[in-house]
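Chain by chain, the residues:
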Amino acid sequence: MDCSHRRHLLLDARIVEDTYNAELTLGPVKKFSGNPLFGEDKPWEMRFDNLYANVIYDDEAHLYKCWYSPFVVDNSSRGLSRRQRHEREYRAPRNREMAICYATSEDGIAWYKPELGIVEYERNSANNILWRGNEGTRALRAGPHGAGIFKDLRDPDPTRRYKALLKSEILSVAFSADGIHWNPPIACPEANSAGDTHNNAFWAPTLDEYVGMTRQWSKSFRRQVASTSSVDFLHWEETQVVLEGSDRTHQTYAMPVFFHGGVYIGLVAIHDQDKDRVWTELAWSPDTRAWQRVLPGTPLIPNGEGEGDYDWGCVYAAACPVFLDDEIRLYYGGSDGLHTSWRNGFFCLATLRSDGFAGYRASNEGTPATITTTPVFDGRGPLRVSADIANGGEVVVRVLGDERQMLAESLPLADTVSDAKLRWRDDSALDAIKMNLARLQFAFKEATVYSFLMEPSKDSEACRHR
């Protein structure tokens, strides 16, 4: 995740002063042609349900790692025809139980479920379950619910290298040295959170604290996204509601959050109560508390088109994306049936171009468009731009002074680029900025502009695999 404040995503409304003939649009997501990557192919994977996947690329181990939370005690859709699924009503059993499972991959495409030998399932520990409820312990009988797991390189204590935020009767935390063997959960009653969703936590670099994303319920029985914070990952502030649906029909089910390009990005799952389907939308925040949804009602990761497709019914984004040099990998849990009905679950992959969450394109493609930023450019280093540019299109960047007079202009970019270094018609013109900050104006046609980067920047991208 980009912790440099010199990379700016243009979806950040704080830095956009005005626009002309320009509108914000979602970046095009491409679903992997080999989807799904894996399904409920083990006897203990009774129902992936929402999967609640957490994916990292571990630079130290040179390995992709995934923690996911299936129900290991449930009624399974395995082997049921579509007709049988329509004829029979799905009901969760009273002894329903969630567990945490573990998978790895060398390339992020072909996944392996190791036999960990840690937890027994039907008197056999040859499975990839690393945590399930303890029989006879009321608080854990239902298993660890909605675990958000990440690797924390900041913590000097190696026994706390991996951290989890989860529900174990109440919202709790847990620690592990290797991400596989976990210490008992520590309850966090002060958070006062419902926690019955995909909880996730991360270090917020602009706040200098850990932030946890979880759930609350309103009196009208609406699901709400809530956040809490902690400086030590043990003592948490009381959760506060930060986002809810536009109406009772469209409820915010879960929202994995991560930091990139100077903002916090949320992948919010929206549950349509009438149609009983779930899709994933985009949101952003300057501080994890005040959230703005980008094009509400329009999915970032759309559902499959036909009933029975692997992600027709539900799409739940994993936490957090994996950032490669040339693409962003959005892993997600998909299912072929409705949320509260019989469904088979799958682990899937979609990709975005670099910085391609959302960008500006012309409202009227036949007319040139401009975006003018607030004063942000200091002129001290190279300026790089990321944009999709169609054949015959171009992007030109101008540096504007205090009176919005043009101080410098770039040579046009005519091809799709990622962090392309601009060349100026007159480099010496940048000297006019001196100690003041200048505005940037992006003038473009037949293009979508996503971000700009002012060098030098600190390379502290914890999620980037190079």
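Residues numbered from 1 in each chain as written. Predicted model: local features only at pLDDT ≥ 70, side-chain atom pairs only at ≥ 80, totals over all residues. Heavy atoms only, no water.

A. Focus on the overall build of the chain. Within the chain, the regular secondary structure consists of 1 helix and 35 strands. The globule rule puts the C-alpha radius of gyration for 466 residues at 23 Å, and the 23 Å found for the chain is close to it. With the C-alpha coordinates of the chain rotated into their principal frame, the extents come out at 75 × 50 × 45 Å. The buried share of the chain, taken over its 466 residues, is 59%. Taking contacts inside the chain between residues at least 6 apart in sequence as the whole, the part at least 24 apart equals 63%. Surface exposure of the chain reaches about 19500 Å², of which carbon and sulfur atoms provide 47%. (Helix = DSSP H or I, 4+ residues; strand = E, 2+ residues; numbered from the N terminus. Rg over C-alpha atoms; globule rule 2.2 N^0.38 Å. Buried < 20%, exposed > 50% of the residue type's maximum accessible area, 1.4 Å probe, protein only. Contact = heavy atoms within 4.5 Å. Areas by Shrake-Rupley, 256 points an atom, 1.4 Å probe, with all protein chains shown as cover.)

B. View of the packing of aromatic side chains. Applying the stated rule across the entire model yields 27 aromatic pairs. With a centroid separation of 6.1 Å and 85° between ring planes, the pair formed by Phe38 and Phe48 is classed as edge-to-face. Here Phe38 is found in strand β5 (residues 38-39), whereas its partner Phe48 is found in the loop between β5 and β6 (54-58), with 10 residues between them in sequence. Here the two residues Phe38 and Phe48 agree in accessibility, since each one is buried. Grouped by ring-pair contacts, the aromatic residues Phe38, Phe48, Tyr57, Tyr64, Tyr68, Trp111, Tyr331 and Phe347 constitute a single cluster. The ring of Trp203 has Arg154 lying over it, and the distance from NZ or CZ to the ring centre is 3.5 Å. (Phe/Tyr/Trp six-rings, centres within 6.5 Å; stacked < 30°, edge-to-face > 60°. Lys NZ or Arg CZ within 6 Å of the ring centre and 35° of its normal.)

C. Representation of the pairing of strand β34 (residues 439-454) in the model. When you tally the buried positions in β34, you get 14 out of 16 residues, the bulk of the element. Where strand β1 (residues 7-9) lies against β34, 3 bridges are found, and the strand directions are antiparallel. Pairing of Leu9 across the sheet is with Ser451, part of β34. Two elements, strand β29 (residues 358-362) and β34, share 2 bridges in a ladder whose sense is antiparallel. When the sheet's bridge partners are listed, Arg361 is paired in β34 with Thr448. Sheet analysis places strand β30 (residues 369-373) next to β34, joined by 4 bridges and oriented antiparallel. Note on β34: the bridge partner recorded for Ala369 is Phe444. Looking at chain direction, strand β31 (residues 383-400) and β34 are connected through 14 bridges and run antiparallel. Considered in β34, the bridge of Val395 is made with Phe444. (Pairing = 2+ DSSP bridges.)

D. Molecular detail of the pattern of salt bridges. Applying the stated rule across the entire model yields 34 salt bridges. Between Arg85 and Asp336 there is a salt bridge, and its shortest N-O distance comes to 2.9 Å. Of this pair, Arg85 sits in helix α1 (residues 82-87) while Asp336 sits in the loop between β27 (328-335) and β28 (345-352), and the two are 251 residues apart along the sequence. Taking the relative accessible area as the measure of exposure, Asp336 reaches 7% and is therefore buried. Of the charged contacts, one joins Arg293 and Glu281 as a salt bridge, the two residues approaching to 2.8 Å between their closest N and O atoms. Of this pair, Arg293 sits in strand β24 (residues 292-294) while Glu281 sits in strand β23 (residues 277-285), placing them 12 residues apart in sequence. Put simply, Arg47, Asp49, Asp74, Arg96 and Arg343 are held in one network by salt bridges that share partners. (Salt bridge = Lys/Arg side-chain N within 4 Å of Asp/Glu carboxyl O.)

E. Broad picture of the side chain of Thr197. Note on placement: Thr197 falls in the loop between β15 (186-187) and β16 (200-204). Thr197 gets classed as buried once you look at its relative accessible area, which sits at 1%. Polar side-chain contacts of Thr197 include one of 2.7 Å to the backbone oxygen of Tyr253. The contact partners of Thr197, leaving out residues within four places of it in the chain, are Tyr52, His145, Gly146, Thr214, Arg215, Tyr253 and Ala254. (Polar contact = N/O pair within 3.5 Å; in protein donor to acceptor, adjacent residues only side chain to side chain.)

F. Structural detail: the sheet that holds strand β12 (residues 145-151). Strand order in the open sheet formed by 4 strands is β12-β13-β14-β15, and the pairing between neighbours is antiparallel. Both outer strands of the open sheet, β12 and β15, are each paired with one neighbouring strand and no more. Direction of pairing for strand β14 (residues 170-176) relative to β15: antiparallel, over a ladder of 2 bridges. When the bridges of β15 are listed, Val173 appears paired with Ile186.

G. Fine view of the nonpolar core. Within the largest apolar cluster, 34 residues are counted, with the highest numbers of intra-cluster contacts made by Val395, Phe442, Phe444 and Phe452. Going through the elements one at a time, β29, β30, β31, β33 (417-421) and β34 are the ones with two or more residues in this core. Judged by nonpolar contacts, the second largest core, of 26 residues, contains Met46, Tyr64, Ala103 and Phe347. (Core = buried A, V, L, I, M, F, W, Y, C linked by side-chain atoms within 4.5 Å.)

H. How the structure looks around unusual backbone geometry. In the segment running from Asn35 into Pro36, the intervening peptide bond is cis, with an omega of -10°. Within the fold, Pro36 resides in the loop between β4 (30-31) and β5. Cis geometry marks the peptide bond from Ala319 to Cys320, where omega comes out at -15°. Mapped onto the fold, Cys320 is located in the loop between β25 (314-317) and β26 (322-324). Even without being glycine, Asn192 reaches a positive phi, approximately 50°. Checked against the element boundaries, Asn192 lands in the loop between β15 and β16. In this model, Asp419 sits at a positive phi of 50°, which is unusual for a non-glycine residue. Along the chain, Asp419 turns up in strand β33.

I. Quick peek at the confidence of the model for the chain. Confidence in the prediction for the chain averages 93 pLDDT; 94% of positions are at 70 or higher. The low-confidence segment residues 135-140, where pLDDT is below 50, has 8 contacts with residues more than four positions distant or belonging to other chains. (pLDDT = per-residue confidence, 0-100.)

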